[in-house]
Amino acid sequence: MKSNRKILLLNPYYSNSKRTAANMRFEKLFENLHLVTDQCTLVSSCTENPSWLKVKKTNLILFQYSGSFFKRFIFYIYITLFLLVNKFDIIFSEFNPLPLTALLSKNVWLQIHHIEGKNISRRGNLKELFFRFYLRLYYLISSFIDNYKIMTVSQQSTNDIINLGIIRPKNADFVYNGVEANLLRQYINFNLDISYYYYDVIYGGNFSPRKNVEMLIEALSKIEKPLNVLLIGRDLGTKKRVHDKVLHECKQHRFSFKQNLSNEELLECYSKSALFVTASLHEGFGMPVVESACLGIPVICSDLPVFRELVPNAKFISANDTDNLSNLIIRCLDEFSSLKEDCLSISDQYLARYDWSLHSNQFINRIFSS
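## A look at the packing of aromatic side chains
Within a pair of aromatic rings, the relevant descriptors are the distance that separates the centres and the angle that separates the planes.
(1) Moving on: Under the counting rule described, the total for this entry stands at 22 aromatic pairs.
(2) Moving on: Here the aromatic rings of Tyr196 and Tyr197 are separated by 5.9 Å at their centres, their planes lie at 80°, and the arrangement is edge-to-face.
(3) Moving on: Owing to a relative accessible area of 54%, Tyr196 belongs among the exposed residues under this scheme.
(4) Moving on: Among the aromatic residues, those joined into a ring-pair cluster are Tyr14, Phe26, Phe30, Trp52, Phe92 and Phe363.
(5) Moving on: Positioned above the aromatic ring of Phe63, the side-chain terminus of Lys71 is 5.5 Å from the ring centre.
(6) Moving on: For the cation-ring pair, Arg308 lies above Phe316, with the distance from its terminal atom to the ring centre recorded as 4.1 Å.

## Side note on the sheet that holds strand β9 (residues 228-235)
(1) Moving on: Strand order in the open sheet formed by six strands is β10-β9-β8-β11-β12-β13, and the pairing between neighbours is parallel. The open sheet is flanked by β10 (254-258) and β13 (315-317), the only strands paired with a single partner. On average, adjacent strands in this sheet sit at an angle of 25° to one another, irrespective of strand direction.
(2) Moving on: Of the strand pairs in this sheet, strand β11 (residues 273-277) and strand β12 (residues 299-302) are connected by two bridges, and their pairing is parallel. In the sheet register, Val277 faces β12, and the bridge partner there is Ile300.
(3) Moving on: Strand contacts of helix α6 (residues 213-221): β8 (199-207), β9, β10 and β11, with the helix running at about 160° to β8, the strand carrying the most contacts.
(4) Moving on: Lying over the sheet, helix α7 (residues 239-249) contacts β8, β9 and β10, oriented at roughly 165° with respect to β10.

## So, empty space enclosed by the protein
(1) Moving on: All chains considered together, the criterion is met by one cavity of 30 Å³ or more.
(2) Moving on: Space inside the largest cavity adds up to approximately 70 Å³.
(3) Moving on: Ranked by the residues each element gives to the lining of the largest cavity, the list is headed by helix α12 (residues 336-353), at four residues.
(4) Moving on: Its residues placed into classes, the lining of the largest cavity shows nine nonpolar, one polar and one charged.

## Some points on the side chain of Thr152
(1) Moving on: For Thr152, the location among the structural elements is in strand β6 (residues 148-152).
(2) Moving on: With a relative accessible area of 0%, Thr152 lands in the buried category.
(3) Moving on: Within the structure, the side chain of Thr152 is placed 2.6 Å from the side chain of Thr158, a separation counted as a polar contact.
(4) Moving on: Beyond its immediate chain neighbours, meaning those up to four positions away, Thr152 contacts Arg25, Gln111, Ile112, Ser157, Thr158, Ile161, Asp173, Phe174 and Val175.

What counts as what
- Residues numbered from 1 in each chain as written.
- Predicted model: local features only at pLDDT ≥ 70, side-chain atom pairs only at ≥ 80, totals over all residues.
- Heavy atoms only, no water.
- Phe/Tyr/Trp six-rings, centres within 6.5 Å; stacked < 30°, edge-to-face > 60°.
- Buried < 20%, exposed > 50% of the residue type's maximum accessible area, 1.4 Å probe, protein only.
- Lys NZ or Arg CZ within 6 Å of the ring centre and 35° of its normal.
- Pairing = 2+ DSSP bridges.
- Helix = DSSP H or I, 4+ residues; strand = E, 2+ residues; numbered from the N terminus.
- Axes fitted to C-alpha atoms, helices over the stretch in contact; angles between N-to-C directions.
- Contact = heavy atoms within 4.5 Å.
- 1 Å grid on protein atoms, 1.4 Å probe; cavity = no way out; pocket = protein on both sides within 12 Å on 5 of 7 lines; lining within 4 Å.
- Points joined across faces, edges and corners; volume = space filled by probe spheres on them.
- Nonpolar A, V, L, I, M, F, W, Y, C, P; charged D, E, K, R; others polar.
- Polar contact = N/O pair within 3.5 Å; in protein donor to acceptor, adjacent residues only side chain to side chain.

Set out below in structure tokens:
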């Protein structure tokens, strides 16, 4: 049965022309919104109504958001005034810090993908420090208000936020990121012969400091046997260093770099790969790790609590132990047939656990039932 409650989707970062994990999550969470309401306002960078948003009465507000301090400040002022004039029953926001006027609504959800350790206020300049200080102030105030809630992407991210003392446990919740299960099933490679696979090692994500790709390259440099390695992701600060390290330290291996792949192209790369490896220092979720597990690909990853939550059958390593990582890669390649068979045997469990259709329905029910 449909509700007559009005919902505001506040996501200035969202554009239907950008295929990022955050954008995909936003689309998947709300693609069934039309089943529960006929009234929706979307504030985003979209120039036209996205095709996935089928709500009958959709009000689209365009805001070309660049992420600069000035644009962020203007957007903050705009939303402050907007929420004074316009009343909504439910607000879901990817933008923080939210104006305090948002708390005039009955049901406010703030999406947080991850918090890096305890340094919620650590940024490189005073402008960012100001916003992080305000964010903490907002959290402290709103922790005493029942209509304010935080949505994260994993139980571990939720625990991190609660442990920081910025919200009460009953006001924090999570919904996993998901996969398109039927599509992934088409790309599962059941071959147990390692010679069938074009790439020995694949990494997917981005090239940022917290992804720790340089450590992976250092570990690969200690392996004498020539390997075919694929690194997928856009540059967020470390790609040049990674590329230079590959040229100088890994001449025995063959490396390929790719980015801006479609879902189908990405899954095709996964299906040609024997092992997925990441040495990430911090994650809120870890979509490539989950996708690999769903495809029955053996996973080697950092020993992070969130990875143990998401893919408990993975092989875990210290994010700074290059010797252990290089030895584990060699052992997994040597024992590939039995390891692959074990991973394939539980891939259906992962597909069922992370199916988007399950999570989107759970999400809609939670925000409309609270």
